[in-house]
Amino acid sequence: MTRLHRFLLSILSGVLLSLPWLGFPGWILFVAFVPLLILDEFFVSFKKAFPIVSFWGHVFLAVLIWNILSAWWMAKVSISGVGMAMVLNAFFMSLIWWYAHWVRRQYSSRLGYILLVVLWISLEYLQFNWDIEWPCLQMGSVLANQIKTIQWYEYTGTFGGTLWVLLLNVLFFRIVYDVWQKNYSKRLRINSVVFSILLLAPLAISYRMFYSYVETGNPIQVAIVQPNVDPYSEQFDMDAEREKLSNFLRLAKTVTGNETDFILGPETVFENQWFWNEDHFKSNDFILQLDSFMNTYPKAELLFGVSSFKVFPDKQSASKTARNKDGILYDRYNTALFLSKSGDYQVYHKSKLVMGVEKTPFLRYIPFVKDMVIDLGGAYGTLGTQAEPTNFVAKDGTPVAPVICFESVFGEYLTEYVKKGAGIIFVITNDGWWKNSRGYKQHLLFSQLRAVETRRSIARAANTGTSCFIDQRGNVLNPTPWWEEAAIKGSVNVNHKITFYVQHGDYIARGALFVSVLLVLFLWVKRFR
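Source: prediction; values computed, not measured. (Residues numbered from 1 in each chain as written. Predicted model: local features only at pLDDT ≥ 70, side-chain atom pairs only at ≥ 80, totals over all residues. Heavy atoms only, no water.)

### Some remarks on the overall build of the protein
Then comes step 1: Scanning the protein from N- to C-terminus turns up 16 helices and 13 strands.
Then comes step 2: In terms of overall size, the protein behaves like a compact globule, its C-alpha atoms giving a radius of gyration of 25 Å where 529 residues would be expected to give roughly 24 Å.
Then comes step 3: Seen along its three principal axes, the alpha-carbon backbone of the protein occupies a region of about 75 × 55 × 40 Å.
Then comes step 4: For the protein, the residues scored as buried account for 59% of the 529 residues in total.
Then comes step 5: Nonlocal contacts in the protein, meaning residues at least 24 apart in sequence, comprise 73% of its contacts between residues at least 6 apart.
Then comes step 6: Surface exposure of the protein reaches about 22,300 Å², of which carbon and sulfur atoms provide 62%. (Helix = DSSP H or I, 4+ residues; strand = E, 2+ residues; numbered from the N terminus. Rg over C-alpha atoms; globule rule 2.2 N^0.38 Å. Buried < 20%, exposed > 50% of the residue type's maximum accessible area, 1.4 Å probe, protein only. Contact = heavy atoms within 4.5 Å. Areas by Shrake-Rupley, 256 points an atom, 1.4 Å probe, with all protein chains shown as cover.)

Structure, rendered in structure tokens:
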């Protein structure tokens, strides 16, 4: 194999991995790693002629192409920050391939493949659970672009999809390689049978689940408002905030009626946190006007997003992310606010924050840099969070999950709402930052995944496209167009049944992490015996 051929195989794998994130069918992932597996086999076969770093360079090129083509739209916010994240993520991905390749060189092919699978799933799990989150390239998640094929996620979550993709890639490569080598052995027949079962059985099960699933009753009526404010030219003075309120009420009137149970607005309908002191909500003029509007309808309750702040009387009571300005200790939040019929104001603070925009990574270790973050106009900096997700309680006692933007990416995090009784999920987001790119379309896929995993209906309010309803099978209903003012209404069903995934969370990822640790320790001991 020539250097050009190896170079082209790296590019091919990077492109194939990217295609599902660009709108092509998710099943392309079933063979996307095959070019890298071909390179892996080549460098194992000729290990005396090539140092191990040769393989690492090919893998790094492939996964860097994948990162860039799949998530380039994030650079609209910060080219340098996103660029560094892409390079770092590609480096971690390539390290896993390098280590599995080293094991295949030193020990056995089977052990190397097992290590590749469990380490890859462990890396994905890490990317959901450390300070530098980069979960947007999880392979199991992008399969949501074909929602009928992944109904079994209510049992496995998205890590089941990642495991599916990895196993199919390895098996397909081994089949193709044996056929190419004319090695028509028993192993080839076994691999072919296992591959066929592993491919077709989940598909058959999923389609049966999709067409046989019947939603529970108990419908509620929801009105959704999409204001369509450009975050890049948005103003934050009092006149601008009042105009936002006026537009919000104007749109809400077109879809709110006597049967409306909830009015849903997007994330940060109001961006200037200095107008939203949480200690003074009862006298807040914006809230009083929204209350007055809501009370003209007999059933309607209102949920929307604001940027808010809270003042602390002393250091002992202050949060870890609190700031000191002229002797005043305060913290800022990306907040979901719920105005209920009882007159109570229920508050939820976004707790899964966007790295570099809403938080500084590893702040507990480097607290002196908490002011050094990107200003995106209003809700910027290292924001405050709350210890755990909490539901809002509607007038009839129904718990409602308020999920803010990036939080919809985290499947296991959303299970905490459901475990606490949430019968429906409201996702509020501002996808305008990504402009008319794949960004807002990819973000919608995560809400579809959460509907399948939890079997909860979702009402999704975006500042601009796509606001919609999502049923318990993950189908998108009544979506709004991109970059247009819109208001829609619809019915969603409340469900209180607990799925296997909600009950057990990301058990596949935790199992893979456990096996990874055992294998690494085993290999370390084996090397020095």
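From this point, things continue past the structure.
### Some details on the nonpolar core
Then comes step 1: Counting 123 residues, the largest nonpolar core has Trp66 and Val222 as the members making the most contacts within it.
Then comes step 2: Among the elements that take part in this core, helix α6 (residues 109-129) stands out by supplying 12 residues, more than any other.
Then comes step 3: What Trp66 contacts, discounting residues up to four positions off in sequence, is Gly14, Leu17, Ser18, Trp21, Phe33, Met93, Trp120, Leu137 and Met139.
Then comes step 4: In terms of nonpolar packing, the next biggest core, distinct from the first, is built from 23 residues, Val269, Trp276, Ala300 and Phe304 among them. (Core = buried A, V, L, I, M, F, W, Y, C linked by side-chain atoms within 4.5 Å.)

### As for helix α14 (residues 438-454)
Then comes step 1: With 17 residues, α14 should cover 24 Å at 1.5 Å per step; its first-to-last C-alpha distance of 25 Å lies within 8% of that length.
Then comes step 2: With 16 of its 17 residues buried, α14 lies for the most part within the structure.
Then comes step 3: In this structure Ser437 caps α14, since a side-chain oxygen of it lies 3.1 Å from the backbone nitrogen of Gly439.
Then comes step 4: Backbone geometry just downstream of α14 places Arg455 in the positive-phi region, at approximately 55°. (Expected span 1.5 Å × (residues − 1). Polar contact = N/O pair within 3.5 Å; in protein donor to acceptor, adjacent residues only side chain to side chain.)

### Observations regarding helix α9 (residues 158-180)
Then comes step 1: Between its terminal C-alpha atoms α9 stretches 33 Å, which fits the 33 Å expected from 23 residues at 1.5 Å a residue.
Then comes step 2: Lys182 sits one or two residues past α9 and shows a positive phi near 55°.

### Details of the confidence of the model for the protein
Then comes step 1: For the protein, per-residue confidence averages 91 on the pLDDT scale, and residues scoring 70 or more make up 95% of the total.
Then comes step 2: In this model residues 368-380 is a low-confidence stretch, pLDDT under 50, and it forms 34 contacts with partners more than four residues away in sequence or in other chains. (pLDDT = per-residue confidence, 0-100.)

### What to know about the sheet that holds strand β11 (residues 468-470)
Then comes step 1: Read across the open sheet, the 6 strands follow the order β7-β8-β9-β10-β11-β12; overall the sheet is mixed. Across the chains shown, the open sheet's two edge strands, defined by having one partner strand only, are β7 (392-393) and β12 (476-477).
Then comes step 2: Where strand β8 (residues 399-404) meets strand β9 (residues 424-429), 5 bridges bridge the pair, whose relative direction is parallel. Opposite Val400, over in β9, you have Ile424 as the bridge partner.
Then comes step 3: Those strands touched by α14 are β9, β10 (458-462), β11 and β12, and its axis lies near 165° from that of β10. (Pairing = 2+ DSSP bridges. Axes fitted to C-alpha atoms, helices over the stretch in contact; angles between N-to-C directions.)

### Section: the pattern of salt bridges
Then comes step 1: Considering all chains together, one arrives at 20 salt bridges under this definition.
Then comes step 2: With its nearest N and O atoms 3.6 Å apart, the salt bridge here joins Lys395 to Asp261. Highlighted residues: Lys395 in the loop between β7 and β8 and Asp261 in the loop between α11 (238-253) and β2 (262-264), separated in sequence by 134 residues.
Then comes step 3: Among the salt bridges present, the one from Arg450 reaches Glu453, with a minimum N-O distance of 2.8 Å. A residue pair is termed a helical-turn pair when its members lie 3 or 4 positions apart in one helix, as Arg450 and Glu453 do in helix α14 at 3 residues.
Then comes step 4: Its relative accessible area of 1% is what places Arg450 among the buried residues.
Then comes step 5: The network of salt bridges with shared partners includes Glu259, Asp261, Lys299, Glu301 and Lys395. (Salt bridge = Lys/Arg side-chain N within 4 Å of Asp/Glu carboxyl O.)

### Things to note about the packing of helix α1 (residues 3-18) against helix α3 (residues 34-45)
Then comes step 1: One can describe the packing of α1 onto α3 by two numbers: an axis separation of 8 Å at closest approach and a directional angle of 145°. Residue-level inspection shows Arg6, Leu9, Ser10, Leu12, Ser13 and Leu16 of α1 in contact with α3, the latter providing Pro35, Leu36, Ile38, Leu39, Phe42 and Phe43.

### What to know about the environment of Gln138
Then comes step 1: Of note, Gln138 is situated in the loop between α6 and α7 (139-142).
Then comes step 2: The exposure class assigned to Gln138 is buried, which follows from its relative accessible area of 1%.
Then comes step 3: For the pair Gln138 and Thr158, spaced 20 residues apart in sequence, the C-alpha to C-alpha distance is 8.1 Å.
Then comes step 4: Discounting chain neighbours no more than four positions away, the residues touching Gln138 are Trp21, Glu124, Phe128, Thr158, Phe159 and Thr162.
Then comes step 5: Side chain to side chain, Gln138 and Ser141 meet in a polar contact 2.4 Å long.

### Digging into the environment of Gln221
Then comes step 1: Tracing the backbone through its elements, the reader meets Gln221 in strand β1 (residues 219-226).
Then comes step 2: For Gln221, a relative accessible area of 32% gives the class partly exposed.
Then comes step 3: C-alpha of Gln221 to C-alpha of Ala300: the two residues are 79 residues apart in sequence and 9.1 Å apart in space.
Then comes step 4: Those residues within four positions of Gln221 in sequence are excluded, and the remaining contacts are Glu259, Thr260, Asp261, Phe262, Gly490 and Ser491.

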